[in-house]
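# A structural walkthrough
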Amino acid sequence: EDSLNIINSNGSLNNIEIKNSYQDSIDFDFSELMIKNIKITNAGNDCIDMSYGNYEIIEISSINCKDKAISAGEKSYATIHNAILDNNNFGIVSKDSSRLLIHSGKITNNKICLAAYRKKQEFDGGLIMAPKDFCPKSEIYIQNKSEIILK
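Residues numbered from 1 in each chain as written. Predicted model: local features only at pLDDT ≥ 70, side-chain atom pairs only at ≥ 80, totals over all residues. Heavy atoms only, no water.

### Here we look at the state of the cysteines
Under the convention used in this document: For the purposes of this analysis, a disulfide is any pair of cysteine sulfur atoms at a distance within 2.5 Å. Under the DSSP-based scheme used, a helix requires at least four consecutive residues in state H or I and a strand at least two consecutive residues in state E, with every element numbered from the N terminus. Burial classes: relative accessible area under 20% of the type maximum marks a residue as buried, over 50% as exposed, and values in between as partly exposed (1.4 Å probe, protein chains only).
In the structure shown here, the tally under the stated rule is 2 disulfides. One disulfide bridge connects C47 with C65, the sulfur atoms lying 1.6 Å from each other. As the torsion about the S-S bond is roughly -70 degrees, the C47-C65 disulfide counts as left-handed. Linking C47 in the loop between β4 (32-43) and β5 (48-51) with C65 in strand β6 (residues 54-65), this pair joins segments that are 18 residues apart in sequence. No difference in accessibility class separates C47 from C65, as the two residues are buried. In this model, C113 is linked to C135 through a disulfide, with the two sulfur atoms separated by 2.4 Å. Between C113 and C135 the sulfur-sulfur dihedral comes to about -100 degrees; the bridge is accordingly left-handed. Of this pair, C113 sits in strand β11 (residues 112-117) while C135 sits in the loop between β12 (127-130) and β13 (140-142), and the two are 22 residues apart along the sequence. The exposure class of C113 is buried, given its relative accessible area of 0%.

And the structure:
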């Protein structure tokens, strides 16, 4: 059901472009990956879903994701250098003991810009660190034991 699923892998990718995916566009699991450029348009669910790994993305552009543009869960550690996210349900989500660092970007027309929470009981909450002016405070959701730091 995912357009691209990478499991138990280490390495780097230069470019990924996905359009009109039925469910998740990209699913990374149990991996250590560095991706230079990701472009996603029209995902039926998440644009990118990362779990149980370490991920670095230099540039990501996501437009029209029905659920989350960027989702980090299940003890993921992710760094996003530049994120351009438009017209998604959630912009960026960190959940279930995940840590997500955003260096720069622009988020527009999303219902929720940033969200940090716990979904599964065996984990703690999520953490997001992002630039101070990344999104309006009215579009931020923080559940107990989670944290969003805007610097």
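### Regarding the side chain of D67
Defined as follows: Pairs of N or O atoms within 3.5 Å make up the polar contacts considered here, provided that, within protein, one atom can donate a hydrogen while the other can accept it, and that residues adjacent in sequence are counted only when both atoms are side-chain atoms. Contacts: residue pairs with any heavy atoms within 4.5 Å of one another.
Tracing the backbone through its elements, the reader meets D67 in the loop between β6 and β7 (68-73). The exposure class assigned to D67 is buried, which follows from its relative accessible area of 18%. In this structure the side chain of D67 is engaged in a polar contact, spanning 2.8 Å, whose partner is the side chain of K68. With near-sequence residues (within four places) excluded, D67 lies in contact with N45, D46, N88, N89 and F90.

### What to know about the side chain of D96
The condition is simple: Only four residue types enter the tally: Lys and Arg on the positive side, Asp and Glu on the negative side, with His and both chain ends excluded. For this document, the term salt bridge refers to a Lys or Arg side-chain nitrogen within 4 Å of an Asp or Glu carboxyl oxygen.
Take D96: it is sitting in the loop between β9 (90-95) and β10 (99-108). Despite its burial, D96 remains without a salt bridge, the nearest opposite charge being carried by K120 at 5.1 Å. Beyond its immediate chain neighbours, meaning those up to four positions away, D96 contacts G73, E74, K75, Y117, R118, K119, K120, F123, D124, G125 and G126.

### Quick notes on a nonpolar patch on the surface
Inclusion rule: Patch definition: residues above 30% relative accessible area lacking any salt bridge, with like charges linked at up to 9 Å and the nonpolar side chains Val, Leu, Ile, Met, Phe, Trp and Tyr linked at up to 5 Å. Residue burial considers only the protein chains on display, and all accessible areas are found by Shrake-Rupley using a 1.4 Å probe.
Taken together, the side chains of I7, F30 and Y52 make up a nonpolar region of the molecular surface, amounting to roughly 290 Å² of accessible area. Looking at where I7 falls in the secondary structure, it is placed in strand β1 (residues 4-7). Residue classification places I7 among the partly exposed residues on the basis of a relative accessible area of 45%.

### Concerning the nonpolar core
Here is the rule we go by: We call a set of buried Ala, Val, Leu, Ile, Met, Phe, Trp, Tyr and Cys residues a nonpolar core when their side-chain atoms join them within 4.5 Å.
By size, the foremost hydrophobic cluster in this structure holds 36 residues, and its most contacted members are F28, I70 and I92. It is β4 that contributes the most residues to this core, 5 residues altogether. Setting aside residues up to four positions removed in sequence, I92 forms contacts with I70, L85, L100, I102, I107, C113, L114, A115, I128 and F134.

### A look at the environment of I148
With respect to the secondary-structure elements, I148 resides in strand β14 (residues 147-150). For I148, a relative accessible area of 14% gives the class buried. I148 sits 31 residues away from Y117 along the chain, and the two C-alpha atoms are 9.9 Å apart. Setting aside chain neighbours within four positions, we find I148 in contact with L114, A115, A116, I128, I140, Y141 and I142.

### Some words on the packing of aromatic side chains
The cut-off we apply is this: Any two of the Phe, Tyr and Trp rings considered here, Trp counted by its six-membered ring, make a pair once their centres fall within 6.5 Å; the pair's planes then place it as stacked at under 30 degrees, edge-to-face at over 60, or tilted in between.
Per the counting criterion, the structure on display carries 4 aromatic pairs. Both rings, one in F30 and one in Y52, keep their centres 4.8 Å apart while their planes meet at 0 degrees; by these two values the pair is stacked. Here F30 is found in the loop between β3 (26-29) and β4, whereas its partner Y52 is found in the loop between β5 and β6, with 22 residues between them in sequence. Residue F30 is classed as partly exposed on the basis of its relative accessible area of 46%. Judged by its relative accessible area of 35%, Y52 falls in the partly exposed class. A connected cluster of aromatic rings, assembled from ring pairs, spans F30, Y52 and F123.

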